[in-house]
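Read off the chains here:
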Amino acid sequence: MWQIEELDLDAYLNRIGHPKVAASAESLRSLHRAHVLAIPFENVDVILGTHPGIGLDAIQTKLVGRQRGGYCYEHALLFGAALERLGFTVDRRVARVQPHKSGPRTHALLKVGVDGQEFLADVGFGAGQLYPTPLKDGVVVDQGGWDHRLTFDGDVWTLAKKTADGWIPQHASNDEPVRPIDYRVYHHYVSTHPDSPFTGRPVVMRVADGIVRRLVGDDLATEYADGRTTHRTVPADELPEVLAGLDVVLSDEEVDRLRLL
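Novice: How should the overall build of the protein be read in this particular structure?
Specialist: Check the secondary structure of the protein and you find eight helices and 13 strands. Taken over C-alpha atoms, the radius of gyration comes to 18 Å for the protein, in line with the 18 Å a tight globule of 261 residues would show. Its C-alpha atoms put the protein at 50 × 45 × 35 Å along the principal axes. A buried classification covers 52% of the 261 residues belonging to the protein. If you take every contact in the protein between residues at least 6 apart in sequence, the share linking residues at least 24 apart comes to 53%. Working note: accessible area of the protein is about 11900 Å², and carbon and sulfur atoms make up 49% of it. Put simply, the protein has 28 plus and 37 minus side-chain charges, and the middle of one group is 2 Å from the middle of the other.

This is the structure in structure tokens:
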């Protein structure tokens, strides 16, 4: 149903710089980190109107073959296929973003089983999650310098981030099954609707230990785990260089089209 046989597993592992490993909780943690560090979160094809869709062939051509990034559906589907091919148990799920507000139920993530344990694997939530989170009520995981807490209420798992203002919910999910058609419907909304945060401006996010970089429109923010945040405005003529610094390398044609937006 999820086309995992179409994945070139060796090419994917080469893309993230990770050896082929047996399924274990430890290897899930290292694979998750390697994926997030290697493949950017970005929406450039969406704003250019050239997004190839979220079939696994299209995703691996873009994220693996073209060395580009993508957003949550691309990340989750690619990572999920790789995990299954390596022997993990994977369930695709959907989360409501900012559940304490009026956020949409449009975020793709994974529930992963291995070694008798279950984990939330979330490689496509912008610059948020370096590591998988055990599905245990109240568990706190240090995500590169930012604590994240998972809580369970009724049938809903809520992931929250610790900030100076307290614990801020990031997304909420449950075990309702998801089919490929569901992801295609959500992707269509997120990649085409004028109210989507991804259709009108560049959104690129990168995370590493102690530092998060976010380009949203022409604002480049750099956030540090010690609480400092800097901002700078990116002129249009510097955008390709800034994108390259965030590991989004475009062709000359893509650069020219981006400058016209």
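The discussion continues.
Novice: What exactly am I supposed to notice about the pairing of strand β4 (residues 117-121) here?
Specialist: The side chains of a regular strand alternate between the sheet's two faces. Examined bridge by bridge, strand β3 (residues 105-114) and β4 share five bridges and lie antiparallel to one another. Bridge assignment links V112 to a residue of β4, and that residue is F119. Alignment of β4 against strand β5 (residues 133-134), held across two bridges, turns out to be antiparallel. Its bridge partner being in β5, F119 is matched across the sheet by P134.

Novice: Would you mind going over the sheet that holds strand β8 (residues 156-163) with me for this structure?
Specialist: If you walk across this open sheet you meet the eight strands as β5-β4-β3-β2-β9-β8-β7-β6, and the pairing is antiparallel. A strand with exactly one partner marks an edge of an open sheet, and here the two such strands are β5 and β6 (139-142). As defined by bridge partners, β6 adjoins strand β7 (residues 147-153) across four bridges and the pair is classed as antiparallel. For V140, the partnering residue across the bridge sits in β7 and is R149. Along the sheet, helix α2 (residues 25-38) makes contact with β3 and β4, crossing β4 at roughly 5°. Packing against the sheet, helix α5 (residues 72-86) makes contact with β2 (89-97), β3 and β4, and its axis sits at approximately 15° to β3.

About the cut-offs
Residues numbered from 1 in each chain as written. Predicted model: local features only at pLDDT ≥ 70, side-chain atom pairs only at ≥ 80, totals over all residues. Heavy atoms only, no water. Helix = DSSP H or I, 4+ residues; strand = E, 2+ residues; numbered from the N terminus. Rg over C-alpha atoms; globule rule 2.2 N^0.38 Å. Buried < 20%, exposed > 50% of the residue type's maximum accessible area, 1.4 Å probe, protein only. Contact = heavy atoms within 4.5 Å. Areas by Shrake-Rupley, 256 points an atom, 1.4 Å probe, with all protein chains shown as cover. Lys, Arg positive; Asp, Glu negative; His and termini not counted. Charge placed at Lys NZ, Arg CZ, Asp CG, Glu CD. Pairing = 2+ DSSP bridges. Axes fitted to C-alpha atoms, helices over the stretch in contact; angles between N-to-C directions.

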